[in-house]
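The primary structure of each chain is shown beneath.
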Amino acid sequence: MSLFGAALPWSLPLTLVIYGVVVAAAVWIYRDARARGSRYAIVWALATLLFTIVPVLAYLFLHRDAGPAR
């Protein structure tokens, strides 16, 4: 892998870490939405996988007053 001819040996591990964080966020949102009884838990998780940070911020904003899930 290179960028303008310069080798980027860190690009693959960095990419895997970023994807890992996104998948972890999607799993967390899915489990939290299910614990809250949301019918759209899978939609939240898929939106997180597709659009990364925007659904995470929207979910946190919309559920900020609900408190922790049981």
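In what follows, the structure referred to is the one given above.
From a predicted model like this one, the values you see are computed outputs, not experimental measurements.

S.K.: Would you mind going over the overall build of the protein chain with me for this structure?
M.R.: If you tally the helices and strands in the protein chain, you get 3 helices and 2 strands. Of the regular secondary structure in the protein chain, the N- to C-terminal order runs β-β-α-α-α. Here the protein chain holds 70 residues, and 21% of them are scored as buried. Considering only residue pairs separated by 6 or more positions, the protein chain has 41% of its internal contacts joining residues 24 or more positions apart.

S.K.: Before we go on, may I ask you to explain the side chain of Asp-32 in this structure?
M.R.: Residue position: Asp-32 is located in helix H1 (residues 11-35). Within the structure, Asp-32 has its side chain in polar contact with the side chain of Arg-36 (distance 2.8 Å).

S.K.: Looking at this structure, how should I read the environment of Ala-24?
M.R.: Within the secondary structure, Ala-24 is located in helix H1. Given a relative accessible area of 46%, Ala-24 falls into the partly exposed group. In sequence terms Ala-24 and Leu-49 are 25 residues apart; their C-alpha atoms lie 9.6 Å from each other.

Each value, and the rule that gives it
Residues numbered from 1 in each chain as written. Predicted model: local features only at pLDDT ≥ 70, side-chain atom pairs only at ≥ 80, totals over all residues. Heavy atoms only, no water. Helix = DSSP H or I, 4+ residues; strand = E, 2+ residues; numbered from the N terminus. Buried < 20%, exposed > 50% of the residue type's maximum accessible area, 1.4 Å probe, protein only. Contact = heavy atoms within 4.5 Å. Polar contact = N/O pair within 3.5 Å; in protein donor to acceptor, adjacent residues only side chain to side chain.

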